[in-house]
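Observations on the model geometry
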Amino acid sequence: MGSMGLTKGDRVAVLTSGGDAPGMNAAVRAAARVGAEIGLDMIGVEDGYAGLIEGRLAPLDIRVMDEAARRGGTALGTARSKAFATPEGQAKARETIARNNLRGLLVIGGNGSLTGARTLTDVVNAASGAKLIVGGVPASIDNDLACTSMAIGVDTAMNTIVEACDRIFDTATAHKRTFIVEVMGRDCGYLAMTAGIAAGADAVLVREAGKDEGQIVDQVVRTMQRAYGPQPAGASTKRRVLVIKSEGVQVESNRLKELVEAKVKTLIPDVDTRVTVLGHVVRGGTPTAFDRLLGARLANSALRAMVAGQSDFMAGWCGPGITRAACPWDPYVVLSPLDEVLAETAKLMRGDSDLARWRKRVFAEVEDILQR
Ligand code: F6P
């Protein structure tokens with residue numbers, strides 16, 4: 001990861017890419033402020049890799065970023081650039097880097113964005129022979145990246161889901177209803193599970209459980225029977241059932257409702273089922289203090305590491321299973337090579353890493369506990 005680091009006067013571009021995540025603005029603000037303090041020329045790229053291809057760059061305005069840091073989304077704009085995946089797009093992005101004499105690039109985003117960053121780590125400045133210094137900061141509400149215990153945006157998304165579930169609880173309890181609440185997270189059940197535990201859900205359906213349609217329907221029916229049926233001593237009957245379903249589960253929510261209703265029709269005749277798909281509501285909104293701080297601390301360490309000569313890395317938030325020592329700038333921030341981040345993330349998504357196995361085991365253990 002080592003090379004000649006950024007020095008005073010060097011031009012460093014910052015971009016946000018992929019799905020926006022609350023707290024991205026706080027990360028950009030920190031990069032703008034820390035960079036200015038170090039004497040770097042901090043530039044913002046509009047709309048992620050699309051803006052890099054099209055050469056849409058402008059100096060980062062600290063005042064604008066101060067204002068933006070309190071809000072969700074990303075003031076720089078973002079995109080899922082298809083063009084960047086093509087050789088022509090890559091070549092244009094490299095031209096922008098050369099034409100603007102960029103010495104460093106800080107990428108704030110998820111798996112796809114960091115994969116993009118990885119492809120630019122071999123860019124060399126023709127005049128000086130210096131390699132582009134590339135740093136990454138994890139931002140994705142899905143929490144599907146390895147080498148970080150949390151990505152920017154997860155905490156806010158979790159809080160948004162919990163708040164929505166609290167509201168749904170009120171009406172569900174009033175009507176003695178079952179709700180299936182679908183939440184984002186792509187193929188990762190982390191958000192569904194953690195929000196489910198925090199909200200007091202009765203069941204959480206995640207792709208990682210590996211259940212087929214019939215097993216998922218049975219799980220929901222069992223949860224309803226336990227909730228509305230005879231209760232253990234000392235517990236009163238539940239007046240609602242909340243099922244949180246991660247969007248990665250391969251049964252469409254309305255179909256699940258129909259299949260469940262068909263099964264419970266005779267078993268529990270008086271209970272209605274409703275579906276709420278939270279969708280993009282989960283991704284927007286005011287970032288929590290934690291996400292603002294996480295963004296600031298990760299961006300701070302990433303930029304300082306680039307000054308110290310590190311490149312091709314992601315600055316992650318430490319946590320269980322991350323054994324590498326913390327970086328010198330923050331005892332909670334760990335720098336991992338981008339190659340390792342991408343390889344470990346692929347394993348996590350395949351269910352083939354210690355973290356993936358731990359999550360799967362805990363998800364299974366939690367099933368019975370939530371049903372009580
Ligand atoms: O990766 C973040 C995420 O919000 C996922 O949870 C979701 O599946 C996806 O992005 C939605 O993407 P889009 O906004 O492009 O529809």
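Look up a bit, the structure's there.
Being a predicted model, the structure only gives us computed values, none of them experimental.

1. Things to note about the site of the ligand
Taken together, Arg80, Ile141, Asp142, Met184, Gly185, Arg186, Glu247, His280 and Arg283 make up all the residues around the ligand. Within the side chain of aspartate 142, one N or O atom sits 2.6 Å away from an oxygen atom of the ligand. Bound to the protein, the ligand loses 74% of the 400 Å² it would expose on its own. Looking at side-chain class alone, the shell around the ligand contains two nonpolar, two polar and five charged residues.

2. A short note on the packing of aromatic side chains
Scanning the model with the defined rule gives three aromatic pairs in all. Summarising the aromatic geometry, the rings of tyrosine 49 and phenylalanine 84 are spaced 4.1 Å apart at their centres and angled 15° between planes, so their arrangement reads as stacked. Of this pair, tyrosine 49 sits in helix α2 (residues 48-54) while phenylalanine 84 sits in the loop between α3 (62-68) and α4 (87-99), and the two are 35 residues apart along the sequence. Classification of tyrosine 49 by relative accessible area gives buried; the value is 4%. Seen in terms of ring centroids, phenylalanine 290 and tryptophan 317 are 6.3 Å apart; in terms of plane orientation they differ by 85°. Their pairing is edge-to-face. Highlighted residues: phenylalanine 290 in helix α10 (residues 289-307) and tryptophan 317 in strand β10 (residues 313-317), separated in sequence by 27 residues. Note on tryptophan 317: relative accessible area 10%, which makes it buried. Taken together, the ring pairs connect Phe290, Trp317 and Tyr332 into an aromatic cluster.

Each value, and the rule that gives it
- Numbering of residues begins from 1 in every chain and follows the order in which that chain's sequence is written.
- Per-residue local features are limited, in this predicted model, to residues with pLDDT of at least 70; the limit for side-chain atom pairs, both in listing and counting, is 80 or more; totals at the level of whole chains, interfaces and linings are taken over all residues.
- Computation of side-chain values: all heavy atoms of the structure, hydrogens and water removed.
- A single heavy atom is enough: if one lies within 4 Å of a molecule or strand, its residue is considered near that molecule or strand.
- Distance and chemistry together define a polar contact, namely a pair of N or O atoms within 3.5 Å, with one atom able to donate a hydrogen and the other to accept it when in protein, and with adjacent residues in sequence counting only for side-chain atoms on both sides.
- Reported accessibility uses the Shrake-Rupley method at a 1.4 Å probe radius. Residues are deemed covered only where the shown protein chains occlude them.
- Polar here means any residue outside two lists: the nonpolar Ala, Val, Leu, Ile, Met, Phe, Trp, Tyr, Cys and Pro, and the charged Asp, Glu, Lys and Arg; Gly therefore counts as polar.
- Geometry of aromatic contacts follows a simple scheme: Phe, Tyr and Trp rings, the Trp one being its six-membered ring, pair when their centres are within 6.5 Å, and the pair is stacked under 30 degrees between planes, edge-to-face over 60, tilted otherwise.
- For helices the rule is a DSSP run of H or I covering at least 4 residues; for strands it is a run of E covering at least 2, with both sets numbered from the N terminus onward.
- The rule is simple: take the accessible area with a 1.4 Å probe, protein chains only, and divide by the maximum for that residue type; under 20% is buried, over 50% is exposed, in between is partly exposed.

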